[in-house]
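If you want the building blocks of each chain, they are given just below.
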Amino acid sequence: MGTGKQYSLHETDDTRHTGAQDAFEGILRKVKAAGGEITMDETAPLYADIGMQEGEVGTERIVEFSLGRIDFQMIRKIETHRITGAGHNKSLEPMAPPRTSTILKKKDSSSQDWEIVDLQDMF
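As a starting point, this report considers the structure included with it. (Residues numbered from 1 in each chain as written. Predicted model: local features only at pLDDT ≥ 70, side-chain atom pairs only at ≥ 80, totals over all residues. Heavy atoms only, no water.)

1. Structural notes on the nonpolar core
Move 1: Counting residues in hydrophobic clusters, the biggest one holds 11 residues: F24, I27, L28, V31, V63, F65, L67, F72, M74, L104 and V117.
Move 2: Elements that contribute at least two residues to this core include exactly α1 (9-33), β2 (53-67) and β3 (70-84). (Core = buried A, V, L, I, M, F, W, Y, C linked by side-chain atoms within 4.5 Å. Buried < 20%, exposed > 50% of the residue type's maximum accessible area, 1.4 Å probe, protein only. Helix = DSSP H or I, 4+ residues; strand = E, 2+ residues; numbered from the N terminus.)

2. Looking at the pattern of salt bridges
Move 1: Inspection of every chain in the model, using the stated rule, returns 5 salt bridges.
Move 2: Taking the shortest distance from any N to any O, the salt bridge between E79 and R99 comes out at 3.5 Å. Separated by 20 residues along the polypeptide, E79 in strand β3 and R99 in strand β4 (residues 91-108) bring together distant segments of the chain.
Move 3: Classification of E79 by relative accessible area gives partly exposed; the value is 23%.
Move 4: A salt bridge links E93 to R82, with the nearest nitrogen and oxygen atoms 3.4 Å apart. Placement of E93 in strand β4 and of R82 in strand β3 is noted, with a sequence separation of 11 residues between them.
Move 5: Assessed through its relative accessible area of 37%, R82 is described here as partly exposed. (Salt bridge = Lys/Arg side-chain N within 4 Å of Asp/Glu carboxyl O.)

Here you go:
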């Protein structure tokens, strides 16, 4: 028994998804404020194999930036559909809310290997 507003799980899921998007944009704002240079910002569809076909299951955004002689790559995947079924009976099913994942990688200017970094350690 509460006196506050009742929130549905749908509202909570939407808030979490929006928060993840805001956090991604917030990191980019902090990078620019710290003097970082964005060298690439691309968004592309995300595909998955569904039997003999491919289906679009979401989007992927890759942003590369340079900050203090260190190159960074931040990848955000938003999956809006999931594969259900097995064998020849696979199909795409919408997900509510979408599943969002963000990965941050870095490499020194003298290296060619990317190393995964904890987003909390960025700033």
